[in-house]
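# Coordinates in review
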Amino acid sequence: MTSSNSKHYGRVADLGCILCLYLQYGPTPCEIHHIRRYGGKRDAAPVIGLCPEHHRGNTGVHGLGAKGFEKRYGIDQEFLLALTTELLQNEGHQ
Ligand SMILES: [Zn+2]
Ligand SMILES: [Zn+2]
């Protein structure tokens with residue numbers, strides 16, 4: 001992990017769980033989730049913040065699997081990534 005990566009991870013983590021934000025549950029402490037793209041390396045994988053439940057729990061991305069997650073919430077991980085990027089950009093312009 002490079003230092004610019006860990007700085008980015010910190011900013012993503014500061015947003016809290018992106019799914020909780022989207023569902024308007026308010027900011028919740030989160031873990032870093034790597035979005036694995038086909039053939040991509042883990043270090044190069046984009047990251048989003050997910051709370052323990054939405055990350056590893058029964059209603060989370062690992063618990064449901066990517067397909068189940070999309071079905072349940074009507075959005076996919078790429079959407080959450082775009083939302084994360086947007087929020088971080090807005091933050092930078094304040
Ligand atoms: Zn959450
Ligand atoms: Zn994960």
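Before any of the text, the structure's been laid out above.
Let me sum up the structure you'll find in this document.

Quick notes on the rules
- Residues numbered from 1 in each chain as written.
- Chains lettered and ligands numbered in written order.
- Predicted model: local features only at pLDDT ≥ 70, side-chain atom pairs only at ≥ 80, totals over all residues.
- Heavy atoms only, no water.
- Helix = DSSP H or I, 4+ residues; strand = E, 2+ residues; numbered from the N terminus.
- Rg over C-alpha atoms; globule rule 2.2 N^0.38 Å.
- Buried < 20%, exposed > 50% of the residue type's maximum accessible area, 1.4 Å probe, protein only.
- Contact = heavy atoms within 4.5 Å.
- Areas by Shrake-Rupley, 256 points an atom, 1.4 Å probe, with all protein chains shown as cover.
- Lys, Arg positive; Asp, Glu negative; His and termini not counted.
- Charge placed at Lys NZ, Arg CZ, Asp CG, Glu CD.
- Core = buried A, V, L, I, M, F, W, Y, C linked by side-chain atoms within 4.5 Å.
- Donors = N, O, S within 2.8 Å, 3.2 Å for Na, K, Ca; no water.
- Tetrahedral: all angles 85-135°; square planar, octahedral: opposite > 155°, others 65-115°.
- Pairing = 2+ DSSP bridges.

## Observations concerning the overall build of the protein chain
Within the protein chain one finds five helices and two strands. Walking the protein chain from its N terminus toward its C terminus, one meets helices and strands in the order α-α-β-β-α-α-α. The C-alpha atoms of the protein chain give 13 Å as radius of gyration, which agrees with the globular expectation for 94 residues (12 Å, within 12%). Taken over the C-alpha atoms alone, the protein chain extends approximately 35 × 35 × 20 Å along its principal axes. Residues classed as buried in the protein chain amount to 35% of the 94 residues present. For the protein chain, long-range pairs separated by at least 24 residues make up 49% of all intrachain contacts whose partners lie at least 6 apart in sequence. Accessible area for the protein chain stands at about 6000 Å²; split by element, carbon and sulfur atoms hold 51% of it. Seen as two clouds, the 10 positive and the 9 negative side-chain charges of the protein chain have centres 6 Å apart.

## Digging into the nonpolar core
Soluble globular proteins tend to bury their nonpolar side chains together. C17, L19, I48, L50, F69 and L80 are the most contacted members of the largest nonpolar core, which totals 15 residues. Of all the secondary-structure elements, those providing two or more residues to this core are α2 (18–22), β2 (47–50), α4 (61–73) and α5 (77–92). In terms of nonpolar packing, the next biggest core, distinct from the first, is built from five residues, V12, L15, V47 and L88 among them.

## Regarding the coordination of the zinc ion (ligand 1)
With distances of 2.0 to 2.3 Å, the protein atoms coordinating the zinc ion (ligand 1) are C17 (SG), C20 (SG), C51 (SG) and H54 (ND1). Between the four donor atoms coordinating the zinc ion (ligand 1), the angles at the centre fall across 105 to 114°, so the site counts as tetrahedral. We note that the donor set of the zinc ion (ligand 1) lies within a single chain, spaced as C-x2-C-x30-C-x2-H. One end of the pair, C17, is in the loop between α1 (3–15) and α2; the other, C51, is in the loop between β2 and α3 (52–56), with 34 residues separating them in the sequence. C51 sits in the buried class, given a relative accessible area of 9%.

## Focus on the pairing of β2
Side chains V47 and G49 project from β2 onto one buried face, and the interleaved I48 and L50 project onto a second face that is buried too. Pairing of strand β1 (residues 31–34) with β2, which is carried by four bridges, proceeds in the antiparallel orientation. Each bridged residue has a counterpart across the sheet, and for I32 the counterpart in β2 is G49.

## With respect to unusual backbone geometry
The phi torsion at Q24 lies on the positive side, around 60°, for a residue other than glycine. On the secondary structure map, Q24 appears in the loop between α2 and β1. Overall, the relative accessible area of 72% leaves Q24 in the exposed class.

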